[in-house]
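Here is how the chains run, residue by residue.
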Amino acid sequence: MFDIGMSELLIIGVVALIVVGPKDLPGMFRTLGRFTARAKSMAREFSRAMEAAADETGVKEAADALKGAANPKKFGLDKLNEAADKFEKWDPMKAPDGTAAPKTTTLQKDELSPERAEAAQKISDAAAKKATERLQAELDAEEQAKKDGEA
């Protein structure tokens, strides 16, 4: 309540001893104790009266209703969280029952129209040529690095 240290209490006690005198000091402390007890009792009674008044007016029920409205389970957020968990665990490479998904078959060249087969062959040849060029460039870079390291 009050921020009074031991040194302050000692000074108050010495001043009270001088002002009141040693004979009347115990009576004064007794009176002070009764006054403090009565003040605490009144504070407790006031708190209880305020709580009772709040209960009678329905504040507690309103607070409970507000807490219930803020409950995620009441809003269905638990179902949303379940759906999010399922989505995070979902693997597109597996069927819904957990087995591996069936592999799709690629079309054979004879199943394509002649124009599309020719375009597919051109794309395949261009990709192979680029891959070969990239591998050759990587090998050349490695040889150059070895030469630079030796020199």
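Further up the page is the structure itself.
Bear in mind the structure is a predicted one, so any value in this text is a computation, not a measurement.

*Asks:* Just checking my understanding: could you explain the overall build of the protein chain for this structure?
*Replies:* For the protein chain, the helix and strand inventory stands at six helices and zero strands. A total accessible area of about 14,100 Å² is found for the protein chain, and carbon and sulfur atoms account for 62% of it.

*Asks:* Looking at this model, I keep getting lost on the packing of helix α2 (residues 25-57) against helix α3 (residues 59-69). Mind explaining?
*Replies:* Relative placement of two packed helices is described by the angle separating their axes and the distance separating the axes. The contact between α2 and α3 brings their axes to 5 Å, and the two run at 70°. Viewed along their axes, α2 and α3 adopt a mutual orientation that is roughly perpendicular. In contact with Ala54, Asp55 and Thr57 of α2, α3 contributes Val59, Lys60 and Glu61. For the contact of α2 with α3, the class distribution of residues is two nonpolar, one polar and three charged.

*Asks:* Explain the pattern of salt bridges to me, please; I cannot follow it from the model alone.
*Replies:* Side chains carrying opposite charge are able to pair once their charged atoms draw close together. Enumeration according to the criterion identifies two salt bridges in this entry. One salt bridge connects Lys122 with Glu118, and the closest N-O pair in it is separated by 3.8 Å. Within this pair, Lys122 and its partner Glu118 are both found in helix α6 (residues 114-150), separated by four residues, close to a single helical turn. The residue Arg134 makes a salt bridge to Glu138 at a minimum N-O spacing of 3.1 Å. Taken together, the residues Arg134 and Glu138, both in helix α6 and four residues apart, mark about one turn of the helix.

*Asks:* What's the story with a negative patch on the surface in this structure? I'm lost.
*Replies:* There is a patch of like negative charges on the surface, built from Glu51, Asp55, Glu56, Glu61 and Asp64. Those elements that place two or more of their residues in the negative patch are α2 and α3. Within the secondary structure, Asp55 is located in helix α2. Given a relative accessible area of 42%, Asp55 falls into the partly exposed group.

*Asks:* Would you explain a nonpolar patch on the surface in this entry?
*Replies:* Together, Leu10, Ile11, Val14, Val15, Ile18 and Val19 make up an exposed nonpolar region whose accessible area comes to about 630 Å². With respect to the secondary-structure elements, Val15 resides in helix α1 (residues 6-20).

*Asks:* Mind showing me how you'd approach the environment of Leu25 here?
*Replies:* With respect to the helices and strands, Leu25 occurs in helix α2. Counting along the chain gives twelve residues from Leu25 to Gly13, while the straight-line C-alpha distance between them is 9.3 Å.

The rules behind the values
- Residues numbered from 1 in each chain as written.
- Predicted model: local features only at pLDDT ≥ 70, side-chain atom pairs only at ≥ 80, totals over all residues.
- Heavy atoms only, no water.
- Helix = DSSP H or I, 4+ residues; strand = E, 2+ residues; numbered from the N terminus.
- Areas by Shrake-Rupley, 256 points an atom, 1.4 Å probe, with all protein chains shown as cover.
- Axes fitted to C-alpha atoms, helices over the stretch in contact; angles between N-to-C directions.
- Parallel < 35°, antiparallel > 145°, perpendicular 65-115°, else oblique.
- Contact = heavy atoms within 4.5 Å.
- Nonpolar A, V, L, I, M, F, W, Y, C, P; charged D, E, K, R; others polar.
- Salt bridge = Lys/Arg side-chain N within 4 Å of Asp/Glu carboxyl O.
- Patch = residues over 30% accessible without salt bridge, like charges linked within 9 Å, V, L, I, M, F, W, Y side chains within 5 Å.
- Lys, Arg positive; Asp, Glu negative; His and termini not counted.
- Charge placed at Lys NZ, Arg CZ, Asp CG, Glu CD.
- Buried < 20%, exposed > 50% of the residue type's maximum accessible area, 1.4 Å probe, protein only.

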